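Structural overview for review
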Amino acid sequence: MSDTALVWFRRDLRLHDHEALTEAAAADRVVPVYAFDPRAYGSSEFGGGDSFRYEKTGGFRARFRRESVADLRDSLRDRGADLVVREGPTEHVVAAVADHVDADTVHFHTWPCPEEAGAEAAVREALRGLDGRVDTRRYWGHTLYHINDLPSDYRNVADTYTAFRTSVESDASVRPPLGIPDLPPLPDDAPAPGDVPTPADLGVDDPATDDRGVLPFEGGESAALDRIERYLWDEDRLREYKETRNGMLGQGYSSKLSPWLNEGCLSPRYVHDEVDRYEDLRVSNESTYWLVFELLWRDFYQFQFAKHGATFFDLGGIRGRTDIDWRDPAADDAAARAFERWAAGETGIPFVDANMRELNRTGYMSNRGRQVVASFLANNLRVDWRRGAAHFETRLVDYDPASNYGNWAYVAGVGNDSRDRYFNVVKQARNYDGAADYVTHWLPELDPLSPEYAHEPWKLSSREQAEHGVELGIDYPEPVVDLERSYEKLR
Ligand SMILES: Cc1cc2nc3c(=O)[nH]c(=O)nc-3n(C[C@H](O)[C@H](O)[C@H](O)COP(=O)(O)OP(=O)(O)OC[C@H]3O[C@@H](n4cnc5c(N)ncnc54)[C@H](O)[C@@H]3O)c2cc1C
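Residues numbered from 1 in each chain as written. Predicted model: local features only at pLDDT ≥ 70, side-chain atom pairs only at ≥ 80, totals over all residues. Heavy atoms only, no water.

Topic: the site of the ligand
Near the ligand there are 28 residues, and of these Tyr-241, Ser-254, Ser-255, Lys-256 and Asn-262 occur at the shortest range. Residue Ser-254 places a side-chain N or O atom 2.6 Å away from an oxygen atom belonging to the ligand. Residue Asp-400 places a main-chain N or O atom 3.1 Å away from an oxygen atom belonging to the ligand. Protein contact buries 97% of the 820 Å² of open area that the ligand shows by itself. Secondary-structure elements contributing two or more residues to the shell around the ligand are helix H8 (258-262), helix H10 (286-308), helix H13 (367-380) and helix H15 (401-412). Split into classes, the residues belonging to the shell around the ligand amount to 13 nonpolar, nine polar and six charged. Each of domain 2 (221-308) and domain 3 (317-490) gives at least three residues to the shell around the ligand. (Near = heavy atom within 4 Å. Polar contact = N/O pair within 3.5 Å; in protein donor to acceptor, adjacent residues only side chain to side chain. Areas by Shrake-Rupley, 256 points an atom, 1.4 Å probe, with all protein chains shown as cover. Helix = DSSP H or I, 4+ residues; strand = E, 2+ residues; numbered from the N terminus. Nonpolar A, V, L, I, M, F, W, Y, C, P; charged D, E, K, R; others polar. Domains from an automatic or database assignment.)

Okay, structure coming up:
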């Protein structure tokens, strides 16, 4: 008797190094499926109902995802297969297709975050409704180190990055990436493939492209592999990654792989393999190692979420801190206004505003920028850090729950760092944007100012403001907070 396997694609929109697809390909028939679940788009309650509403997936990620799904479909079609695409609750879609093709097994990847786990539980439940006819097989496939290869059980993984990194580096190894399997055909009665919805179909605005962005991020495995080709091989940038990675302008200062890694168009093990190849063929130095070092931060947060789960979304974080007096925008008008100004890039602190405007216009922000704007909201403004994290969740083209909430919690002092640290915004601006090129790229209204004043326009006298044509409160906002006084409270 022939057997039929269904592959439920999620944030693993690729053919290379895809264990669920590879295992499913051993069946006589394979049906790849993707569901655009309406619950992932539009307005949602944060944390299950008690706090605030926000938009889960904004236009940049919705567009990137659509392109990724379309690219996956093209690649499957090139191999004689196809991708069944539906809009609807994931569990209904997967169960309906499994029922239609009389599937024996549903293969899928798993993630350690609560929503992903909830979707998985709902799919299993819906499949149980098919009279126990369908088995499920799940795989771990989005980190560099496989969860089963960690030196200790994931529940005992170290809570500090350095301890985690040194333990995996000394006592674990990265599995080689899997190749693309030969795919068996679709069953004769396969359902119609269906259309890939546009962001507008999902109720999300398709944002305009801003040419000032670092890269016109295009979704899909093909574009991901092109990015590796360009960054590593054509432009030979990996050899200087450690020195350039804190840059802020242009496509070349860092790898820009995050959107593809997070929608699963790119496997981190493939990147690791390419770094090895680069080290063999070009050069092996601190920079080549550093890309893997950064990918280990990504792993760290994935395993942290596996260990601590939903406590990462608590105000007091995994440390259960209750000693910080967070301001809640729902209960405090001044906090609400401060948050709105932060989110819109209208704080009157140029380095913060430039970064927020880049995020809002392009869906991307450098790592340096993310650290500074997060620290500013959480430490200088003391606004509930989860508001900021949720704004990032909406806007980021590379959003991942573990990387986003894990990093936010870290910066806010409630995560994996026991020290209370904050960034001095102006110092950061001077160090990383000495000539104010980045700030004026996103805030052209500050162009007439010298770099010193472009970073601290509040230091201009009224006469100087008039002379330069940059009047605070008219051409550019007054600062939302007295920076120096806000640091004093933190010392
Ligand atoms: C407040 C805050 C929120 C963040 N939210 C996200 C998020 O939602 N998704 C996301 O992928 N990254 C997030 N990061 C981490 C980091 O800023 C981005 O991964 C990085 O800027 C992406 O650009 P890149 O691919 O060029 O990075 P590169 O510098 O080229 O790094 C290579 C890869 O390493 C990983 N990486 C690097 N730094 C980190 C880090 N601190 N944590 C986790 N992974 C890392 C990413 O996968 C990245 O693509 C966040 C950082 C902060 C401070």
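Let's talk about the pairing of strand E1 (residues 4-9)
Taken across its six residues, E1 has six buried, putting it largely inside the fold. The pairing of E1 with strand E2 (residues 29-36) spans six bridges and is parallel. Within the sheet, the bridge partner assigned to Trp-8 lies in E2 and is Val-33. Crossover handedness for the path E1 to helix H1 (residues 19-24) to E2: right-handed. Of the strand pairs in this sheet, E1 and strand E6 (residues 105-110) are connected by four bridges, and their pairing is parallel. Across the sheet, the residue bridging to Val-7 is His-107, located in E6. (Buried < 20%, exposed > 50% of the residue type's maximum accessible area, 1.4 Å probe, protein only. Pairing = 2+ DSSP bridges. Right-handed = clockwise from strand over helix to strand, strands pointing away.)

Details of unusual backbone geometry
Phi at Asp-236 takes a positive value of approximately 55°, unusual for a residue other than glycine. Positive phi, normally seen in glycine, also occurs at Lys-256, with a value near 60°. Here Lys-256 is to be found in the loop between helix H7 (241-244) and H8. Its relative accessible area of 2% is what places Lys-256 among the buried residues.

Some remarks on the pattern of salt bridges
Between side chains of opposite charge, pairing is possible as soon as their charged atoms come close. Evaluation of the coordinates by the stated rule reveals 40 salt bridges. Residue Arg-165 pairs with Glu-169 through a salt bridge whose shortest N-O separation is 2.9 Å. A residue pair is termed a helical-turn pair when its members lie 3 or 4 positions apart in one helix, as Arg-165 and Glu-169 do in helix H5 (residues 161-171) at four residues. Looking at Glu-169, the relative accessible area reads 32%, which means it is partly exposed. A salt bridge links Glu-235 to Arg-237, with the shortest nitrogen-to-oxygen separation between them at 2.6 Å. Each of Arg-10, Glu-120 and Arg-138 takes part in a single network of salt bridges with overlapping partners. (Salt bridge = Lys/Arg side-chain N within 4 Å of Asp/Glu carboxyl O.)

Regarding the sheet that holds E1
Pairing is parallel across the open sheet formed by five strands, whose spatial order is E5-E2-E1-E6-E7. Looking at the sheet topology across the chains shown, the edges are occupied by strand E5 (84-87) and strand E7 (135-140). Strand after strand, the sheet turns through a mean of 25° between neighbouring axes, direction not considered. Strand direction decides the pairing type here: E2 and E5, joined by four bridges, are parallel. From the neighbouring strand, Phe-36 faces E5, where its bridge partner is Glu-87. On the sheet, helix H4 (residues 114-128) packs against E1, E6 and E7 and is oriented at approximately 170° with respect to E6. (Axes fitted to C-alpha atoms, helices over the stretch in contact; angles between N-to-C directions. Contact = heavy atoms within 4.5 Å.)

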